[in-house]
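# Structural description and commentary
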Protein chains: 2
Amino acid sequence: MRRLLIKKGQVVQIPGETQTKAYYVESGLLRSYVIDQKGREYIFMFAPEGWLIADSTPPELPGELFIDALEDSTLKVFEKGTEHNNDDRPKLIKRLGVLQKRVIQLMSASAIERYEHFIDTYPNITQRVPQRMIASYLGITPEALSKVKGEKARGK
Amino acid sequence: MRRLLIKKGQVVQIPGETQTKAYYVESGLLRSYVIDQKGREYIFMFAPEGWLIADSTPPELPGELFIDALEDSTLKVFEKGTEHNNDDRPKLIKRLGVLQKRVIQLMSASAIERYEHFIDTYPNITQRVPQRMIASYLGITPEALSKVKGEKARGK
DNA sequence: TGGCCGCATTAATCTAGATTAAGAATTTCA
DNA sequence: TGAAATTCTTAATCTAGATTAATGCGGCCA
């Protein structure tokens, strides 16, 4: 298990690799995302201090996520499938909880509702990343988020 | 750890409980889903033989999923947080993989694309549940799925 | 210091999928 | 078996959010 120091903007993982790693964020902020055929970017997850970030694609398949740093960060790198991962079992379960919520929101909530849930759940991150990345995480365009925020401000 | 025999239609878990359990499906088919304020139903996950199904809401919060049987089924019931769960670590990771894919699809793929991915990934389930439940899983209405299928049939 | 680039906002138009409404087919079960 | 309930399909209309386009605003660094 190595420790890694990375600069804002640095990419730590790209799609296509089969031996992907898991990163524990000691300080800073990372994100994972995909880019589709049309070049559109979709943020899958933010990982601030205390979070684990990884591509959970099954190990026999090539990974599909980019992972890069939104701030200077320090990481612990885990090779997957090694026994020591047992201590982060609670982190896996936490990730499942977040993803369950995320799927349900994407299916059942409007853009406004998803935005409000996001600022409740990640109030700190809101200050640390550009608006367009929050839009990307929510699955809407920056323009739509801008509109939504405007409507909310001037009395819903 | 108990074994449970349930009939088609039987509900094994409802939202609001804090001591939720995990169910390993030995035979049959279960689903988990939410119902929103307007009474709309969104299927979160199907679980055929060999799958683990559970509400992954953090343990300190009330659960948000219904779980019921779509076929007569036999289950093994796990209390969460007990040590024996260590052997299903691979199942947790598999669930993470499925959810990652699901989030990315919900954000970036059209209804048609999601439908095609679904029939690739769960060809058997397609035969075992009504169309409207597949629509619900995909996050679209039964009408939209019907249209999509029609278009696909008559030469895309 | 000034030019450039990424970011945010607003507005006009467009579209995938929702909603509503029937009708036909299929399942369920008394 | 037969009536009621559930499911599927088609079609007309509506709408949240996408797309496109134009403008303004910092911040960055040569």
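Provided above is the structure to which this section pertains.
Residues numbered from 1 in each chain as written. Chains lettered and ligands numbered in written order. Predicted model: local features only at pLDDT ≥ 70, side-chain atom pairs only at ≥ 80, totals over all residues. Heavy atoms only, no water.

### Focus: the packing of helix H2 (residues 111-121) of chain A against helix H4 (residues 131-138) of chain A
Residues and elements named next belong to chain A. Viewed as axis vectors pointing N to C, H2 and H4 meet at an angle of 115°, and their least axial separation amounts to 10 Å. At the point where H2 passes H4, the crossing takes the right-handed sense. Residues Arg114, Tyr115 and Phe118 of H2 lie in contact with H4, whose contacting residues are Gln131, Ile134, Tyr137 and Leu138. Its residues assigned to classes, the contact of H2 with H4 comprises five nonpolar, one polar and one charged. (Axes fitted to C-alpha atoms, helices over the stretch in contact; angles between N-to-C directions. Helix = DSSP H or I, 4+ residues; strand = E, 2+ residues; numbered from the N terminus. Left-handed = near helix turned anticlockwise from the far one by under 90°. Contact = heavy atoms within 4.5 Å. Nonpolar A, V, L, I, M, F, W, Y, C, P; charged D, E, K, R; others polar.)

### Digging into the sheet that holds strand S6 (residues 52-54) of chain A
Sheet strands pair by backbone hydrogen bonding; their relative direction is either parallel or antiparallel. All names here are of chain A. Reading across from one edge, S1-S8-S3-S6 is the order of the four strands in this open sheet, with antiparallel pairing throughout. The open sheet is flanked by strand S1 (2-6) and S6, the only strands paired with a single partner. Each strand axis lies, on average, 30° off the axis of its neighbour in the sheet, ignoring direction. In the sheet, S1 pairs with strand S8 (residues 73-79) via five bridges, with the strands oriented antiparallel. Each bridged residue has a counterpart across the sheet, and for Arg3 the counterpart in S8 is Lys76. (Pairing = 2+ DSSP bridges.)

### What to know about the pattern of salt bridges
Residues and elements named next belong to chain B. Overall, the coordinates contain 19 salt bridges over all chains when judged by the stated rule. Here Glu26 ties to Arg3 by a salt bridge, and the two come within 2.8 Å at their closest N and O atoms. Residue Glu26 is located in strand S3 (residues 21-27), and its partner Arg3 is located in strand S1 (residues 2-6); the two are separated by 23 residues in the primary sequence. On the basis of relative accessibility, which here comes to 30%, the residue Glu26 falls in the partly exposed class. Overall, the relative accessible area of 53% leaves Arg3 in the exposed class. Two residues, Glu49 and Arg128, come together in a salt bridge whose shortest N-O distance is 2.8 Å. (Salt bridge = Lys/Arg side-chain N within 4 Å of Asp/Glu carboxyl O. Buried < 20%, exposed > 50% of the residue type's maximum accessible area, 1.4 Å probe, protein only.)

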